[in-house]
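Take a look at the letters that make up each chain.
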Amino acid sequence: MLGIPTVTDRMLQQAIAQVLNPLFDPQFSEHSYDFRPKRRGHDAVRKARAFMKEGYRFVVDLDLEKFFDRVNHDRLMMKISEKVKDKKVLLLIRKYLQSGVMENGLVKPTTEGAPQGGLCKA
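Bear in mind that the values here come from a model prediction, so they are computed numbers and not experimental data.

Engineer: Could you clarify how one ought to interpret the nonpolar core in this entry?
Structural biologist: A general feature of soluble globular proteins is that nonpolar side chains tend to end up buried together. Counting 11 residues, the largest nonpolar core is built from Ile-16, Leu-20, Phe-24, Met-77, Ile-80, Val-84, Leu-90, Ile-93, Tyr-96, Leu-97 and Ala-114. Going through the elements one at a time, α1 (7-24), α3 (73-81) and α4 (87-97) are the ones with two or more residues in this core. Looking at this core element by element, the count peaks at 4 residues for α4. If near-sequence neighbours (up to four positions away) are discounted, Met-77 is found in contact with Leu-90, Ile-93, Arg-94 and Leu-97.

Engineer: How should the confidence of the model for the protein chain be read in this particular structure?
Structural biologist: Detailed reading of predicted coordinates is not advised where the pLDDT is low. Overall, the predicted model of the protein chain reaches an average pLDDT of 87, with 93% of residues at or above 70. At the level of individual helices and strands, the protein chain shows its lowest average pLDDT in strand β1 (residues 101-103), which scores 80, and its highest in α3, which scores 96.

Engineer: Would you mind going over α4 with me for this structure?
Structural biologist: In an α-helix, one turn spans 3.6 residues, which is why side chains three or four residues apart end up on the same side. Those residues of α4 not exposed but buried are Leu-90, Ile-93, Tyr-96 and Leu-97. Looking straight down α4, one finds that the buried residues subtend no more than 120 degrees of arc, so they occupy a single side. Residues Lys-87, Lys-88 and Lys-95 are exposed on α4 and point more than 90 degrees away from its buried face. Where α4 is buried, its residues contact α1 and α3. For α4, the side-chain oxygen to backbone nitrogen distance between the N-cap and Lys-88 is 2.9 Å, and the N-cap itself is Asp-86.

Engineer: Honestly, the packing of α1 against α4 in this entry has me stumped. Any pointers?
Structural biologist: Working note: a packed helix pair is described by the angle between its axes plus the distance between those axes. Viewed as axis vectors pointing N to C, α1 and α4 meet at an angle of 125 degrees, and their least axial separation amounts to 12 Å. When the axis of α1 is compared with that of α4, the two are oblique. Considering only the axes of α1 and α4, their crossing is left-handed. Contact residues: Asp-9, Leu-12, Gln-13, Ile-16 and Leu-20 in α1; Leu-92, Ile-93 and Tyr-96 in α4. Each residue belonging to the contact of α1 with α4 can be placed in one class, and the counts come to 6 nonpolar, 1 polar and 1 charged.

Engineer: Would you mind showing me how to read unusual backbone geometry here?
Structural biologist: The phi angle of most residues is negative, glycine excepted, and most peptide bonds adopt the trans form. Phi is positive for Lys-38, which is not a glycine, with a value near 60 degrees. Tracing the sequence through the fold places Lys-38 in the loop between α1 and α2 (41-53). Judged by its relative accessible area of 82%, Lys-38 falls in the exposed class. Phi at Asn-104 takes a positive value of approximately 55 degrees, unusual for a residue other than glycine. With respect to the helices, strands and loops of the structure, Asn-104 is situated in the loop between β1 and β2 (106-108). Here Asn-104 falls in the exposed class, since its relative accessible area comes to 82%.

Engineer: I'm lost on α3 in this one. Help?
Structural biologist: Along α3, the positions that sit buried rather than exposed are His-73, Met-77 and Ile-80. The buried side chains of α3 occupy one side of the element, clustering within an arc of 60 degrees when seen end-on. In this structure, α3 carries Asp-74 and Arg-75 as exposed residues pointing more than 90 degrees from its buried face. Buried residues along α3 sit in contact with α1 and α4. At the N-terminal end of α3, a side-chain oxygen is found 3.0 Å from the backbone nitrogen of Asp-74, two or three residues along, and the residue is Asn-72.

What counts, and at which threshold
- Residues numbered from 1 in each chain as written.
- Predicted model: local features only at pLDDT ≥ 70, side-chain atom pairs only at ≥ 80, totals over all residues.
- Heavy atoms only, no water.
- Core = buried A, V, L, I, M, F, W, Y, C linked by side-chain atoms within 4.5 Å.
- Buried < 20%, exposed > 50% of the residue type's maximum accessible area, 1.4 Å probe, protein only.
- Helix = DSSP H or I, 4+ residues; strand = E, 2+ residues; numbered from the N terminus.
- Contact = heavy atoms within 4.5 Å.
- pLDDT = per-residue confidence, 0-100.
- Arc of directions from axis to C-beta.
- Polar contact = N/O pair within 3.5 Å; in protein donor to acceptor, adjacent residues only side chain to side chain.
- Axes fitted to C-alpha atoms, helices over the stretch in contact; angles between N-to-C directions.
- Parallel < 35°, antiparallel > 145°, perpendicular 65-115°, else oblique.
- Left-handed = near helix turned anticlockwise from the far one by under 90°.
- Nonpolar A, V, L, I, M, F, W, Y, C, P; charged D, E, K, R; others polar.

Written out as structure tokens, the structure reads:
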């Protein structure tokens, strides 16, 4: 589901992302490009071309379809809490996860998944 945060929520989410990105980004694969700080799709294409010049014949573009629609809140919060100890930040993240979505003019609670459309790429 698409989440459209208020201006205040967008500012808070960006502030949280700026603090959490340095904690989590180093754990990601060096070959992961999209939605990462200082990386973009064009960088991935450049890297793929470099691999082709080295003699590699295949490039894999992987997208985990529906991944963000099915994120388990409890598992995600458990993983985040391994690095984030501030209970207020954890509570705020949980509230964003469970903020709900609007369907046909009615707010529907979210029990799984992460809202998409909140933050722009860094």
